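Below are the chains, spelled out letter by letter.
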Amino acid sequence: MTPDRSASGNRTTPAVPDWLAEVPFAHRGLHAAGRDPNSVEAVAAAAIAGYGVEIDVRLSRDQVPVVVHDPRVGHVADTDEAGARKVSDMGAADLQRQGVAPLADVLAAAAGAPLMIEIKSSRPAARMLEPLVAAAMRAYDGPWCVASFNPLSLRWFRRNAPSVPRVLTAQLARSDGVAGAVGRRLEQLRDLHRVEPAAVSYELDGLPSTATDRWRYRGGLLIAWTAVGPAGVERARQLADNLIFEQAHP
């Protein structure tokens, strides 16, 4: 039986757009020598190649959304790796001098390509990054979705921007990642009813799983991350509906 991925009767659940199911996403852009992950150059290369792009967004000290994965910047003047400064302690101009681009610059480079904006935010209250991302994306002339490991971020979008497709990102529970009960909750997809996502993005190493099998049986869209190299891409194709990839072109 073909899964039914149309919107449910709940008005806060957006329909699954075709591009989210069909266009592979380059993990932090097409990065290579001379093109750092999450950089303007990597995003532009992925857009030119016809892929979607998955990027990570954090908030600078002066409340500018910036595109960077890690919470700290390692190679900052007057610091070493051990003394790396937090992104949240640095202004956007200082971050840009270290190669961390504002979201607005990355959007210009994406040139209308499908984007998956992963929100890197852990604060349980006084949310600031989510509304700033939503405001910035109003000017983007292309399709986009929001993704996060943090269900609270996705619930903000569910309540305040319900037409934006939401992607719940999840992985196997482990001691070096999200630990304890929170990690197990993510692994088992226990927040689906709170988030009402258009898709689940699940760690490829954790597939197949009972939780994702149930999700797909109900018609849910499954995206595998991160498929590395040709073998990873092939495995992701077998186990999921779409993929986030690097080091190979699907």
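Computed from a predicted model, the values in this text were never measured in an experiment.

Talk me through the packing of aromatic side chains; I want residue IDs and the actual numbers.
Within the structure shown, the criterion is met by five aromatic pairs. Between Trp144 and Phe157 the ring centres are 6.4 Å apart and the planes differ by 80°, which places this aromatic pair in the edge-to-face class. With a gap of 13 residues between them, Trp144 in strand β8 (residues 144-148) and Phe157 in helix α6 (residues 151-160) connect regions that are remote in the sequence. Owing to a relative accessible area of 0%, Phe157 belongs among the buried residues under this scheme. An aromatic cluster of three or more residues is present, and its members are Trp144, Trp156 and Phe157.

So, the packing of helix α2 (residues 40-49) against helix α4 (residues 103-110): which residues are in play, and what are the values?
The geometry of a pair of packed helices is captured by two quantities: the angle between their axes and the separation between those axes. Contact geometry of α2 with α4 gives a least axis separation of 8 Å together with a crossing angle of 25°. What the angle tells us is that α2 and α4 run roughly parallel. You can see that α2 and α4 cross each other, and the crossing is right-handed. Where α2 approaches α4, its residues Val40, Val43, Ala44 and Ala47 are matched on the opposing element by Asp105, Val106, Ala109 and Ala110. In terms of residue class, the contact of α2 with α4 is made up of seven nonpolar, no polar and one charged.

How would you explain the confidence of the model for the chain if you had to name every residue and give the values?
Detail in the predicted coordinates should be disregarded across regions flagged by low pLDDT. In this model, the chain carries a mean pLDDT of 89, and residues with pLDDT of at least 70 account for 87%. Contacts for the low-pLDDT stretch residues 6-11, under 50 throughout, to residues beyond four places or in other chains number six contacts.

Which residues make up α4, and what are the values?
By the burial criterion, the buried members of α4 are Leu103, Val106, Leu107, Ala109 and Ala110. An end-on view of α4 places all buried positions within 160° of arc, on one side of the element. Residues of α4 that are exposed and angled more than 90 degrees away from the buried face: Ala104 and Ala108. Next to the buried residues of α4 lie α2, β2 (52-59), β3 (65-67), β6 (101-102), β7 (115-119) and α5 (129-137).

Kindly report on the environment of Ala211, identifying the contributing residues and their values.
One can find Ala211 in helix α9 (residues 210-217). Using a relative accessible area of 12% as the deciding quantity, one classes Ala211 as buried. Sequence spacing of Ala211 and Glu187 is 24 residues, and the spatial spacing of their C-alpha atoms is 7.7 Å. Sequence-distant contacts of Ala211, defined by excluding residues within four places in its chain, comprise Glu187, Gln188 and Leu189.

I'd like to hear about the pairing of β7, residue by residue, with values.
Burial runs high along β7: five of the five residues are buried. A two-sided burial pattern is seen for β7, the buried positions comprising Leu115, Ile117 and Ile119 on one face and Met116 and Glu118 on the other. In this structure, β2 lies alongside β7, joined through five bridges in parallel fashion. Note on β7: the bridge partner recorded for Glu54 is Met116.

Conventions we followed
- Residues numbered from 1 in each chain as written.
- Predicted model: local features only at pLDDT ≥ 70, side-chain atom pairs only at ≥ 80, totals over all residues.
- Heavy atoms only, no water.
- Phe/Tyr/Trp six-rings, centres within 6.5 Å; stacked < 30°, edge-to-face > 60°.
- Helix = DSSP H or I, 4+ residues; strand = E, 2+ residues; numbered from the N terminus.
- Buried < 20%, exposed > 50% of the residue type's maximum accessible area, 1.4 Å probe, protein only.
- Axes fitted to C-alpha atoms, helices over the stretch in contact; angles between N-to-C directions.
- Parallel < 35°, antiparallel > 145°, perpendicular 65-115°, else oblique.
- Left-handed = near helix turned anticlockwise from the far one by under 90°.
- Contact = heavy atoms within 4.5 Å.
- Nonpolar A, V, L, I, M, F, W, Y, C, P; charged D, E, K, R; others polar.
- pLDDT = per-residue confidence, 0-100.
- Arc of directions from axis to C-beta.
- Pairing = 2+ DSSP bridges.

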